[in-house]
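Observations on chain architecture
Spelled out from the first residue to the last, the chains are:
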Amino acid sequence: MSSLGSRLRATAQRLLARGGQRLARNPYRALAATLVVGLMGGLAAMAAFDHAEVAAQTAGTEQIRRDTQRELNAMSARLAELQAQATRLNAVGQRLVDASGLQGGEFNFSAPIGQGGGGPTSDITPAQMRSGLDAVQAQFDNAGGQLTVLDTLLASRTAKGSLERAIAPTAHSYVTSTFGARADPFGAGEQFHKGIDFAAQVGDPVYAVADGVVSFVGVRTGYGNVIEVDHGNGYVTRYAHNSQLLKQVGDLVRAGTEIAKAGSTGRSTGAHVHLEVWKDGAYVNPAPFLAGRSSVKRA
């Protein structure tokens, strides 16, 4: 289009150059030449306008394509998040099935869900797609919260009374310090010892003494690296002075599960395992729960 306009203007200029003197002597010819030049200029302007309009349409189409691709990429990211969340919920659900002893066919998280239906269909719009993804996200969030609560409640119910069948927190060990009043190992006078100490080497396995849910993982003043397990019915066990902590809050553990590595962190004179038992927020003597355990030998 632009080349046509250029040719029209060039033709008009040649006409004026060749017949300029004659057109000047004849006013009618001059008028006609002026009209021809104007017509050619108009055609050139129309050609330029058409070219600009086509270019604008092309640019607009390209912008729409880029916007659409961005929207698809965003939806793809949301879909990946939902898929990951679905995998996590399936894992929690399967753990609940295993822990509750339900039989195979009742809850099968690997089988696809059967669906059906008839009637006319239509193309889905981006707005409808976004709305659907938001609704699924909300359902997943709600289901995830409910499953987590059920998981914790089931673990607590399973663990009720489990401290009556508690095992020792270390293997082939012996008690080095009992529960109750004792001389402070740092020479600060008398001290009340809230738990029982077991001989251990740095890196020895520390075991959960009963079934439960990990309720705390971190550092406590004087205790060093601590992990705590909630056994339900108001009972919590605390394992202190560890060199490593192997579980996370919310993990379901069984009696004998390795939860930490023994160490000497915090206020400690050397590597050992410190065990405390708490009932309804108050510490109690762990000895009755460990009585008769073959892996515990008195010093």
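Residues numbered from 1 in each chain as written. Predicted model: local features only at pLDDT ≥ 70, side-chain atom pairs only at ≥ 80, totals over all residues. Heavy atoms only, no water.

What to know about the side chain of His 193
Relative to the elements of secondary structure, His 193 occurs in strand E3 (residues 190-193). In terms of polar contacts, His 193 uses its side chain to reach the side chain of His 274, at 3.3 Å. (Helix = DSSP H or I, 4+ residues; strand = E, 2+ residues; numbered from the N terminus. Polar contact = N/O pair within 3.5 Å; in protein donor to acceptor, adjacent residues only side chain to side chain.)

Here we look at the confidence of the model for the protein chain
Confidence in the prediction of the protein chain, expressed as mean pLDDT, is 74, and 57% of residues score 70 or more. Across residues 294-299, where pLDDT falls below 50, the model places 16 contacts with residues more than four positions away in sequence or in other chains. (pLDDT = per-residue confidence, 0-100. Contact = heavy atoms within 4.5 Å.)

Points about the sheet that holds strand E11 (residues 258-261)
Reading across the sheet, the three strands line up as E5-E11-E9 and stay open at both edges, with antiparallel pairing between neighbours. Of all the strands in the sheet, the pair left with one neighbour each is strand E5 (205-207) and strand E9 (244-245). Two strands pair when backbone bridges link them, and E9 and E11 are joined in this way by two bridges, in the antiparallel orientation. Each bridged residue has a counterpart across the sheet, and for Leu 245 the counterpart in E11 is Ala 260. (Pairing = 2+ DSSP bridges.)

Some points on unusual backbone geometry
Glycine aside, residues mostly have negative phi, and peptide bonds are mostly found in the trans state. Positive phi, normally seen in glycine, also occurs at His 172, with a value near 55 degrees. Position of His 172 relative to the elements: it lies in the loop between helix H3 (126-159) and strand E1 (173-177). One non-glycine residue, Asp 280, lies in the positive phi region at around 55 degrees. Among the secondary structure elements, Asp 280 is positioned in the loop between strand E12 (272-279) and strand E13 (282-284). With relative accessibility at 60%, the residue Asp 280 sits in the exposed group. (Buried < 20%, exposed > 50% of the residue type's maximum accessible area, 1.4 Å probe, protein only.)

Brief notes about the pattern of salt bridges
A side chain with one charge may pair with a side chain of the opposite charge, provided their charged atoms come close. Per the stated rule, a full pass over the model turns up seven salt bridges. Among the ionic pairs, Arg 220 bridges to Glu 228, the shortest N-O distance being 2.7 Å. Using a relative accessible area of 28% as the deciding quantity, one classes Arg 220 as partly exposed. You can call Glu 228 buried: its relative accessible area is 7%. Here the salt bridges do not stand alone but share partners, grouping Arg 220, Glu 228, Arg 238 and Glu 276 into one network. (Salt bridge = Lys/Arg side-chain N within 4 Å of Asp/Glu carboxyl O.)

Quick look at the environment of Glu 276
Residue placement: Glu 276 occurs in strand E12. Residue classification places Glu 276 among the buried residues on the basis of a relative accessible area of 1%. Separated by 79 residues in the primary sequence, Glu 276 and Asp 197 have C-alpha atoms spaced 9.0 Å apart. Setting aside residues up to four positions removed in sequence, Glu 276 forms contacts with Lys 194, Gly 195, Tyr 223, Val 236, Thr 237, Arg 238 and Pro 286. A polar side-chain atom of Glu 276 sits 2.8 Å from a polar atom in the side chain of Tyr 223. A distance of 2.8 Å separates the side chain of Glu 276 from the side chain of His 274, its partner in a polar contact.

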